[in-house]
Each structure stands twice: as C-alpha cells, then as structure tokens.
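# An overview of the molecular structure
Chain by chain, the residues run as shown.
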Amino acid sequence: MQCCCMYSAQVYAQMRRLYLQVRSATPNCSPIFFAISFSLKINIMSVMEPEKTEIILKNHLKRHELLSVGSQAWTVGYSTFDGRGLFAKRDIEAGELIFVDYALLLSPRNSEKHLPLCVSCYKDKCPLFSCDRGCGLPVCSQTCEDSKIHVEGECEYLRKLKPTCGSNWSMGLLRGLLAVRAITLDDEQRDVLAALQCHQNLKSDREVTLLRNNVKNAPEPKEIDLMMLVSGIFNTNSFETFVVQDKDHHTSLRGLYPMGALINHACVPNTRHHYDSQQRLYVIAVRPISAGEEITMTYIDLLWDTILRRQVLSITKNFSCRCKRCSDPTECGSLLGALYCAAENCSGILLPRDPLNNESVWTCNKCQIDIKSRQINSIRSGLSSILHKYISKPPRKLLNCLQTELSILIPPSNYLIADIKYTIISYFGKIEDLQWADLSDDELAIKASFCEDLLSILNTLGSGQCRRRGLILYELYCTIKEQLRRLQGKSNFKEESLILLKKMNIKDNESLLNEVINIFQNDTVASTFLNGNL
Ligand SMILES: C[S@@+](CC[C@H](N)C(=O)[O-])C[C@H]1O[C@@H](n2cnc3c(N)ncnc32)[C@H](O)[C@@H]1O
C-alpha cells in the first residue's frame, strides 16, 4: 500500500521529507488519540461476510479477464487482525504470482505538489490544455481529450455542474477529481465498492469542497453522500501507484484495488507488490505461504521500528497493529528499536517490556534498570531532532556524522542507523559529484558493507524476497561491479576478484543480478532504475 518504494534520488529525497515530517509530527500526537485508536476492537459485524465478498471479487476479476491469472490460490475469510482478509487456499511457493488486480478507481493525488497532469494518460511533462468540451479538466492531446473513459465519465458529469473556470482548466477540479469519478461508477462497480471497508473517521470532505468551489450547480445530496463514502473507502484502502514517463520520472496516483483492499497489513508481510504499465496490481509471495495462512502485505516501511510503525499506521490507517513483530520486544531479533542504556558505565540496551502498550516501561538487558515510557519518548524525540539536523547534510558529511557522533548515541541495530545507511547507499554512485568515478575505494567498500548490514537486518526479520531486498541487492551488485572493474588492470586481477567475492560470501556477481531481476520482473517502476537489466 503506502509502502510505495521508488528509487530515484529525487523521489527518495521526497520520501525522506515525508518521513521526517511524520516522525517529527508523531511525538506531538495527543495520548488520548492513541488511547482511543488502541482500544479499537475486532469488528466483523461492520463488513460484508467473506463468502459474499469473494463472489463480488471474482466478478470484478472476471470483468477484467483476470480471474484465471494466478490459479486462484486465495479465498476470503475472517482475519484475526480485523474484519476479513485473504487466505491461502493451498500451499503457495515463494515467487508465485497470487493475483493481478484491476483498479476500480484511479485518481490523481489531491495535493498541488503532485499536479498538474493529464486526466487521461496521467502524464505531467507535456503541455496541458483545457478539454474543449468545457469540463474544466486538463488533457494533453486530442486522443486523451477523446478517450471514452474521459468523455463518458467525468467530462459529461462535470459539464452538467457547469465549471466556473471558463475556457481554462481548473486545478481545484483536478484536485477534486476523485469525487467526480465516484459518481461515474456503474452498478456493478458500486457493488464492488460496497464490499470494501470504510473507516468512518477517514471520510473527508476535501474533494467534495474542491468540486463545489469550482462549479455553478452543486451536486445532489445523495451524490455528495456517495462522494464522501468513496473518500472514506479510498483513505482506508487505497494504494499509491505510478505512471512511468521516462527513466527518471513517474507520476504518482492513488488507486483503489478491490483484491488489494482485502489484504491486511503485517510488519513482516508474506507478499510484495508492483504495477504494470496499465496500473494493474501484481501481488507475489516473498516466501512460501502454507494453506490456511493469511496473505499479508505491508502498508509502511519495513525498516522502521515498532513505535514509529504503529504510530504511522494509527494516524494514517486508523488501526493499531498487533502483528507478531509488533508483539515481540526484539522485533524478531532485529533490535531495530533498541536504545542505549542511560545508566552510568552500562553498555546494555533498552527494550520495551510490552511493545503493544505505549505506556510500557523499557528495561536494560544488562543492569535491568527500568525506564519509564515518558523518558523513552523524550530520548526518541532528542535523537529524532539530532538526526533531523544531520539528514540534510551532503552524504559524505552524513557518513562522517554516522561514524563519529551518531554511533556513540545510537546502537548499531537501531532503525535510525539503518535509515542513514540506506540514505548513503542510495546516494553513493548515484548523484552528481558522487558518481562511481568520484568514490574512493574505501567509500565503495563502505557502501558494500552497508548493503550487507541492511540485507542482514532483512534476513533477521525474515522478510524474504521483498522489494527492499531487491533494491539493496541491486546497489550491492553495482558496487561490486565497480570494485571488480577497478581491479581489472591489475596483474593479480583474478585472485583479488576471488578474495573480494569470498569476503562478501558471493559466488559471482551475476547471481546477485539474477535475484534482483527475479524480484523486479514486470515491475514498471523498477525497470526505470535497473538500466536495461530487466
Ligand atoms: C485494506 S483493509 C484490509 C481488509 C479489511 N480487514 C476488511 O475487512 O476489509 C485495511 C483495514 O484492515 C484492518 N487491518 C489491516 N491490517 C491490520 C492489522 N495488522 N491489525 C489490525 N487491523 C488491521 C484495519 O481496520 C485497516 O484499516
């Protein structure tokens, strides 16, 4: 879902900004807010029963000729997480495609940051003009203006409402497009919509207001009800999807995928997902899944610690995660949340006694001292603000801070350290002034060792063939390729290459690339950064 990983330096920087915003915003959230959300109970009464849901989902897939894809290894059932979920009907192998889903609704994101773009092809790097029919939306070509989906959908409805923008196109209408598209769904599509969960407090009038502010005739009350319902369903279930424009550029959209919307979140999920060029959603097993096991995906970042993951899920998705990883103080042995013990001369680490309780004390594994949650929160806020100061520094400076100050303050297993390592591997060899030729041999070795550290965290978590593994493996592959290239002129090239690969515990570099290719097959976004390797 929001996991949504992209991989250009520019997009990574955007992700970081969002991440830091969330991170700095969460400590200020009222404890009452968390108390309310943490007391949410399993509510199986408010959702459609599994059997009926499954019939509707199958009809939806049939309509888009996707029912036979993936040999129907799934079924719908009640979940121990909340409501319904998808379950394996038989054993599923690692790497197996479980299903392909078609978006019931696609919409541009409603913030100006992601706009403007053409409402038909979703491209944003082309000149946009107002649709000649007078609907007030931007298009980029005659073909886009005449596309059936546009003409018979939002264009016709908007003209009835009489847009106020005259012969121009309107940013407000573009931002509120989801509300308009909700109205254009046919009966069968509305049946699918009715099968999806809607958190009442995730309903938003944002799109409706944008629409009303930009038309002469207000939508009817029952239309507004439907628009509000769709906003709630979207905010409960939507995925971030992408339209690839060129190697370095893709536009971000929101998509409602009925099958995807039935998958619950786990902090170590058993699937990964990606999109093809028609924004169809592919869900693939990252490890073997046994018959009867729930099929899960992650809505957020695997490398975050429990406190951050649960806070973000609570704020953005309105539920409190109680998965296996969240319930384990060591996070499956990864120690991503560990903090240094503050007691004098103690080299132990602090971990929560009960990670599902926000008020839990934290205990040192050496001196057994107990630290109250209030103190833990202030240590975390302090570390976040220190990191905030460092994270905008140029990557070489950041590396220096990591090796000096930060490594004294934060245990090596902590997610903040993992996060900085990920930032460094994303920049070294990839951005201006830090191209491969600019990196010293030592810097190459550091990048390789950071890749190994991050892969080791993922192995400890048991996250299988996930996308993040693919991204890190690709960085490792490129780094080793450059290291081998530098050895080429040497007389003892063969021996030194073997020593290098042995040190990394790798048979040959091409096997890394093969694993990357395996993970990213058919993934349109990944193919843009894999430089023709797919
Ligand atoms: C995309 S829907 C998943 C399907 C949903 N359970 C249903 O019955 O339609 C997301 C919602 O499912 C619930 N959910 C998903 N993962 C969960 C988890 N790990 N723990 C608790 N609730 C979860 C939350 O209510 C969340 O807002």
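Procedures and definitions
- Residues numbered from 1 in each chain as written.
- Predicted model: local features only at pLDDT ≥ 70, side-chain atom pairs only at ≥ 80, totals over all residues.
- Heavy atoms only, no water.
- Phe/Tyr/Trp six-rings, centres within 6.5 Å; stacked < 30°, edge-to-face > 60°.
- Helix = DSSP H or I, 4+ residues; strand = E, 2+ residues; numbered from the N terminus.
- Buried < 20%, exposed > 50% of the residue type's maximum accessible area, 1.4 Å probe, protein only.
- Lys NZ or Arg CZ within 6 Å of the ring centre and 35° of its normal.
- Bend = angle between axes of the 7 residues up to and from the residue.
- Contact = heavy atoms within 4.5 Å.
- Core = buried A, V, L, I, M, F, W, Y, C linked by side-chain atoms within 4.5 Å.
- Axes fitted to C-alpha atoms, helices over the stretch in contact; angles between N-to-C directions.
- Parallel < 35°, antiparallel > 145°, perpendicular 65-115°, else oblique.
- Left-handed = near helix turned anticlockwise from the far one by under 90°.
- Nonpolar A, V, L, I, M, F, W, Y, C, P; charged D, E, K, R; others polar.
- UniProt positions renumbered as here; feature names shortened; annotations may be inferred.
- Pairing = 2+ DSSP bridges.
- Near = heavy atom within 4 Å.
- Polar contact = N/O pair within 3.5 Å; in protein donor to acceptor, adjacent residues only side chain to side chain.
- Areas by Shrake-Rupley, 256 points an atom, 1.4 Å probe, with all protein chains shown as cover.

## Overview of the packing of aromatic side chains
Both the distance between ring centres and the angle between the ring planes are used here to describe each pair of aromatic rings. Taken as a whole and judged by the stated rule, the model has four aromatic pairs. Between Phe-239 and Tyr-257 the ring centres are 5.7 Å apart and the planes differ by 80°, which places this aromatic pair in the edge-to-face class. Of this pair, Phe-239 sits in strand S7 (residues 239-246) while Tyr-257 sits in the loop between strand S8 (249-256) and strand S9 (264-265); the two residues are 18 residues apart in sequence, bridging distant segments of the chain. Assigned by exposure class, Phe-239 and Tyr-257 land together as buried. Considering the side-chain rings of Tyr-474 and Tyr-477, the 6.2 Å spacing of their centres and the 25° angle between planes classify their relative orientation as stacked. In this pair, Tyr-474 and Tyr-477 are both assigned in helix H17 (residues 467-487), three residues apart and thus about one turn of the helix distant. Each of the two residues, Tyr-474 as well as Tyr-477, counts as buried. Taken together, the aromatic side chains of Phe-239, Tyr-257 and Tyr-275 make up a single cluster linked through ring pairs. Geometry around Tyr-390 places Lys-389 over its ring, the cationic atom sitting 5.2 Å from the centre. A cation sits over an aromatic face here: Arg-468 above Tyr-422, 4.2 Å from the ring centre.

## Re helix H14 (residues 395-409)
The sharpest bend along H14 reaches about 45° and sits at Leu-402. Those residues of H14 that sit buried are Pro-395, Leu-398, Leu-399, Cys-401, Leu-402 and Leu-406. Its buried side turned inward, H14 meets helix H13 (373-391), helix H15 (415-427) and helix H16 (441-461).

## Details of the nonpolar core
In this structure, Trp-74, Leu-86, Phe-99, Leu-211, Leu-476 and Ile-480 are the most contacted members of the largest nonpolar core, which totals 156 residues. Those residues within four positions of Leu-86 in sequence are excluded, and the remaining contacts are Trp-74, Thr-75, Val-76, Phe-99, Met-259, Leu-262, Ile-263, Glu-294 and Ile-295.

## Thoughts on the packing of H14 against H16
At a closest axis distance of 13 Å, the pairing of H14 and H16 adopts a crossing angle of 65°. The orientation of H14 relative to H16 falls into the category roughly perpendicular. Once H14 is placed against H16, the crossing between them reads as left-handed. For the pair H14 and H16, contact is made by Arg-396, Leu-399, Leu-402 and Gln-403 and by Glu-443, Ile-446 and Phe-450, respectively. When the residues that make up the contact of H14 with H16 are grouped by side-chain class, the tally is four nonpolar, one polar and two charged.

## Some words on the UniProt feature "domain: SET" (unreviewed entry) in the chain
In this structure's numbering, the residues bearing the UniProt feature "domain: SET" (unreviewed entry) are residues 65-300. Helix makes up 27% of residues 65-300 and strand makes up 23%, while its end C-alpha atoms are separated by 30 Å.

## Considering the pairing of strand S3 (residues 97-101)
Buried residues dominate S3, accounting for four of its five residues. With four bridges joining them, S3 and strand S11 (residues 281-285) adopt antiparallel strand pairing. Bridging from a neighbouring strand, Phe-99 pairs with Val-283 of S11.

## Details of the pairing of S8
For S8, the tally of buried residues reaches eight of eight residues, placing the bulk of the element in the interior. Side-chain alternation along S8 places His-249, Thr-251, Leu-253 and Gly-255 on one buried face and His-250, Ser-252, Arg-254 and Leu-256 on a second face that is also buried. Alignment of strand S4 (residues 105-108) against S8, held across four bridges, turns out to be antiparallel. When the sheet's bridge partners are listed, Pro-108 is paired in S8 with Leu-253. Note: S7 against S8, seven bridges, orientation antiparallel.

## Here we look at the site of the ligand
Neighbouring the ligand are 19 residues; Asp-82, Arg-84, His-199, Asn-264 and His-265 lie closest to it. Between the ligand and Gln-197, the relevant distance is 3.5 Å, taken from an oxygen atom to a side-chain nitrogen or oxygen of the residue. Contacts to the ligand include Asn-264, whose side-chain N or O atom sits 2.9 Å from a nitrogen atom. Contact with the protein chains hides 98% of the accessible area of the ligand, taken as 560 Å² for the molecule alone. Partitioned by chemical class, the residues of the shell around the ligand number eight nonpolar, eight polar and three charged.

## Remarks on the sheet that holds S9
Taken together, the four strands give an open sheet; going across it, the order is S1-S2-S12-S9, and neighbouring strands pair in mixed fashion. Since the sheet does not close on itself, it has two edges, and those belong to strand S1 (74-78) and S9, each with one partner. The sheet strands contacting helix H3 (residues 50-63) are S1 and strand S2 (84-88), and the helix crosses S1 at an angle near 150°.

## Some details on the environment of Val-192
With respect to the helices, strands and loops of the structure, Val-192 is situated in helix H8 (residues 187-194). Sequence separation between Val-192 and Leu-398 is 206 residues, and the spatial gap between their C-alpha atoms is 49 Å. Residue contacts for Val-192: discarding those within four places in its chain leaves Ile-56, His-60, Leu-104 and Pro-258.

## What to know about unusual backbone geometry
Of the consecutive residues Leu-115 and Pro-116, the connecting peptide bond is found in the cis state with omega at 0°. Even without being glycine, Glu-65 reaches a positive phi, approximately 55°. A relative accessible area of 69% means that Glu-65 is categorised as exposed. The backbone of Tyr-122 sits at a positive phi, close to 65°, despite the residue not being glycine. Relative to the elements of secondary structure, Tyr-122 occurs in the loop between S4 and strand S5 (129-130). Tyr-122 sits in the buried class, given a relative accessible area of 8%.

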